[in-house]
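As a plain string of letters, each chain reads:
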Amino acid sequence: MAATPSVSDRTARRGAIGLGVVLVAQLMLVLDATVVNVALPHIQTDLGFTPAGLSWVLNTYTLAFGGLLLLGGRLGDVLGRLRSFEIGLAIFTVASLLGGLATSPAWLIASRTLQGVGAALAAPSVLALVTTSAPNEAARNRGLALFTAVSSAGASIGLLLGGALTDFVSWHWTLFVNVPIGAVVLVLARRFVTETPRVRGRFDVVGAVTATLGSVAVVHGFISAADRGWAAPLTLASFVVGLGLLALFVRTESRVPAPLLPIALVRDRTRGGALVLMALVVGAQFSTFFLVTQYLQLVLGFSPVATGAAFLPLSLAIFATSRVSARLVAKVGPRPMLLVGTLGLTASFVWLSSITTTSTYAGHLLGALVLNGVSAALVFMPVTVVVLGGVDRAQAGTVSGLLQTAQQLGGAVGLAAIVSVYASKAVPGQFVPGVEPAFLTSATFTLVALLVAALVLRPRPARSVAQPQPQPTRESVAVAAADGTEAS
């Protein structure tokens, strides 16, 4: 007769299944950041997007995600991580269904916005659920390692999956694919994932609304500039409203009792500079996927599947370099790596700006993409170390969320600015004319990031009495480092 499983065995099995369920959800959220990229040319043709308007397919998701991310983290604390995760994932799944059914640009943009809202509610709870699903320390460490691996590999899987779905079925399935996965995760999560304790707290709704709408208005200003001109009333009004809302956000955060963004955290010169650097780098990086994806399909004639595969060298370069970046930080410190990384990124964008209608993938793109991937990986880990360094354990989660917010909003605003430059030089029916100024704008972003690393992130003079600095928690480093990899 078979032995009856012990309570500890059942607990371990339940925890393992719960961990798998949460990691599948994390993979789905990561995939959505890239799975739609490969389908962009087909989406543009099918729904009639303008060259500048097409960027909203990516930007509405990242704006909603980034703008509401800190609020999503607070909701998880107050409502319980599992409940917040379930609400967010349900919204994300329904929005994916609606997006797959889209027949107009406005419909798809609205669905992508709703996806971003769902992701903002679900994503902050994932890491907490990974750690609470583990029955012991060893399982917890394995969960953190798997979380990082899933996050790192998700971007590459998204590109390949997006290409395959677009090529063999339809671009609609880059969104439909989330529906059955989300439904299964929702059913299993309630059974196998343990809820976390709730804490009493308030919601900074004004801060969340002003941050999100302010970012949307600024991005709309850049897109309007491409379509109507920089001096157009709508363009100027968008910038004025956006900057006004962001100023109101800063004022609100300095006055409310439970701010989404404790101002003291970003007043530190080093941390503030690192966040600006991250926003600039991710903003430039977004142009790589957006422009190169279209160039490969519209100019070189690549299929969606081949386009996804064409990005593998970049992803593999990031993955391989990330394996050694932690050791490099320990040996040489963050600043030298940031200087080398931002310089390499600048060179890669200048290289990409030289592509023409007669360029080839092997001769003109491959080297630039590999250089881009290696350089990006040299940036993400040091930024994580700088941003999280010296943070009290109680604030580590907030600062990790702040880093993710800088990535999402920096990516959205940066892409809008770069696409605006591209569209201003574009020629109807031709893709290449706007590429050079667009990639040179990306190079300008990373050049400014290089200057930030050189001038703002300089080591401070040693104090006469050294004070021990609290170290970032392992969970915070895991989520920030994984998100850094996602950003590319």
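Please refer to the structure placed before this passage.
All values derive from a computational prediction rather than experimental measurement.

What counts as what
- Residues numbered from 1 in each chain as written.
- Predicted model: local features only at pLDDT ≥ 70, side-chain atom pairs only at ≥ 80, totals over all residues.
- Heavy atoms only, no water.
- Helix = DSSP H or I, 4+ residues; strand = E, 2+ residues; numbered from the N terminus.
- Buried < 20%, exposed > 50% of the residue type's maximum accessible area, 1.4 Å probe, protein only.
- Contact = heavy atoms within 4.5 Å.
- Salt bridge = Lys/Arg side-chain N within 4 Å of Asp/Glu carboxyl O.
- Core = buried A, V, L, I, M, F, W, Y, C linked by side-chain atoms within 4.5 Å.
- Patch = residues over 30% accessible without salt bridge, like charges linked within 9 Å, V, L, I, M, F, W, Y side chains within 5 Å.
- Areas by Shrake-Rupley, 256 points an atom, 1.4 Å probe, with all protein chains shown as cover.
- Polar contact = N/O pair within 3.5 Å; in protein donor to acceptor, adjacent residues only side chain to side chain.
- Phe/Tyr/Trp six-rings, centres within 6.5 Å; stacked < 30°, edge-to-face > 60°.
- Expected span 1.5 Å × (residues − 1).
- Axes fitted to C-alpha atoms, helices over the stretch in contact; angles between N-to-C directions.
- Parallel < 35°, antiparallel > 145°, perpendicular 65-115°, else oblique.
- Left-handed = near helix turned anticlockwise from the far one by under 90°.
- Nonpolar A, V, L, I, M, F, W, Y, C, P; charged D, E, K, R; others polar.
- Bend = angle between axes of the 7 residues up to and from the residue.

**Student:** Would you mind going over the overall build of the protein chain in detail, with residue names and values included?
**Tutor:** Scanning the protein chain from terminus to terminus reveals 19 helices and zero strands. Split into buried and exposed, the 488 residues of the protein chain put 56% on the buried side. Relative to all contacts within the protein chain whose residues are 6 or more apart in sequence, the contacts with residues 24 or more apart total 83%.

**Student:** For the pattern of salt bridges, give the residues involved together with the corresponding values.
**Tutor:** Pairing of side chains with opposite charge becomes possible as their charged atoms draw close. The full count for this structure, using the stated rule, is two salt bridges. Asp32 is the salt-bridge partner of Arg112, the closest N and O atoms lying 2.8 Å from each other. Taken together, the residues span a long stretch of sequence, with Arg112 in helix 5 (residues 105-132) and Asp32 in the loop between helix 1 (7-31) and helix 2 (40-47) at a distance of 80 residues. Arg112 gets classed as buried once you look at its relative accessible area, which sits at 2%. Glu86 is paired through a salt bridge with Arg190; the nearest N and O atoms lie 2.3 Å apart. In this pair, Glu86 is assigned in helix 4 (residues 81-100) and Arg190 in helix 8 (residues 178-192), connecting sequence segments 104 residues apart.

**Student:** Which residues make up the environment of Ala309, and what are the values?
**Tutor:** By secondary structure assignment, the location of Ala309 is in helix 13 (residues 304-310). Sequence-wise, Ala309 and Leu160 are 149 residues apart; in three dimensions their C-alpha atoms are separated by 6.2 Å.

**Student:** Break down the side chain of Thr441 for me, with residues and values.
**Tutor:** Looking at where Thr441 falls in the secondary structure, it is placed in helix 18 (residues 435-455). We classify Thr441 as buried; its relative accessible area is 17%. When sequence neighbours within four positions are dropped, the list of residues in contact with Thr441 reads Ile418 and Val421.

**Student:** So what about the nonpolar core? Which residues, and what values?
**Tutor:** Core analysis: the largest hydrophobic core is formed by 89 residues, its most contacted members being Ile43, Leu108, Leu277 and Val383. Counting residues per element, this core draws most heavily on helix 12 (residues 269-298), which supplies 15 residues. Ignoring anything within four residues of it in the chain, the contact list for Val383 reads Ala274, Leu277, Met278, Leu338 and Leu403.

**Student:** So, a nonpolar patch on the surface: which residues are in play, and what are the values?
**Tutor:** On the surface, a cluster of nonpolar side chains totalling about 470 Å² of accessible area is made up of Val94, Leu97, Leu98, Leu101, Trp107 and Leu114. Contributing elements (two or more residues each) for the nonpolar patch: helix 4 and helix 5. No other element matches the three residues that helix 4 contributes to the nonpolar patch. Looking at where Leu101 falls in the secondary structure, it is placed in the loop between helix 4 and helix 5. Leu101 sits in the partly exposed class, given a relative accessible area of 41%.

**Student:** How would you sum up the side chain of Thr210? Please name residues and give values.
**Tutor:** On the secondary structure map, Thr210 appears in helix 9 (residues 205-228). Take Thr210: its relative accessible area is 5%, and that puts it in the buried class. In terms of polar contacts, Thr210 uses its side chain to reach the backbone carbonyl oxygen of Val206, at 2.8 Å.

**Student:** I'd like a rundown of the packing of aromatic side chains, residues and numbers included.
**Tutor:** We describe a pair of aromatic rings using the distance from one ring centre to the other and the angle between the two ring planes. In total, this model carries nine aromatic pairs according to the counting rule given. Residues Phe222 and Phe239 carry aromatic rings whose centres are separated by 5.1 Å and whose planes lie at 85° to one another, so their mutual orientation is edge-to-face. Taken together, the residues Phe222 in helix 9 and Phe239 in helix 10 (residues 233-253) connect sequence positions 17 residues apart. Residue Phe239 is classed as buried on the basis of its relative accessible area of 17%. Judged by centre distance (5.1 Å) and plane angle (35°), the ring pair of Phe289 and Phe311 falls under tilted. Here the residue Phe289 occupies a position in helix 12, and Phe311 occupies one in the loop between helix 13 and helix 14 (312-332), the gap between them amounting to 22 residues. Like Phe289, the residue Phe311 is buried in the burial classification. Among the aromatic side chains, those forming a connected cluster through ring pairs are Phe222, Trp230 and Phe239.

**Student:** I'd like to hear about helix 16 (residues 361-388), residue by residue, with values.
**Tutor:** If you check helix 16, its first and last C-alpha atoms are 39 Å apart, about what 28 residues at 1.5 Å a residue would give, namely 40 Å. Residue Thr360 occupies the N-cap position of helix 16, its side-chain oxygen lying 3.1 Å from the main-chain nitrogen of Gly363.

**Student:** Account for the packing of helix 12 against helix 18, with residues named and values stated.
**Tutor:** Two numbers describe how helix 12 lies on helix 18: the axes approach to 9 Å, and their chain directions differ by 160°. As judged from the angle between their axes, helix 12 and helix 18 are roughly antiparallel. Crossing hand, helix 12 versus helix 18: left-handed. Residue-level contacts link Gly273, Leu277, Leu280, Val281, Gly283, Ala284, Ser287, Thr288, Leu291 and Val292 of helix 12 to Ala438, Phe439, Ser442, Phe445, Thr446, Val448, Ala449, Val452 and Ala453 of helix 18. Its residues assigned to classes, the contact of helix 12 with helix 18 shows 13 nonpolar, six polar and no charged.

**Student:** Give me the lowdown on helix 14, citing residues and values where you can.
**Tutor:** Between its first and last C-alpha atoms helix 14 spans 29 Å; for 21 residues at 1.5 Å apiece the expected length is 30 Å, and the two agree. Of all the bends in helix 14, the greatest measures close to 40° and is centred on Val324. Taken together, the buried positions of helix 14 are occupied by Leu314, Ser315, Ala317, Ile318, Thr321, Ser322, Ser325 and Val329. Gly333 lies just past helix 14 and shows a positive phi near 90°.

**Student:** Got a sec to walk through the packing of helix 9 against helix 10? Specific residues and values, please.
**Tutor:** Axis separation between helix 9 and helix 10 bottoms out at 7 Å; the angle between their running directions is 160°. Comparing their axes, helix 10 and helix 9 come out roughly antiparallel. As helix 9 runs across helix 10, the sense of the crossing is left-handed.

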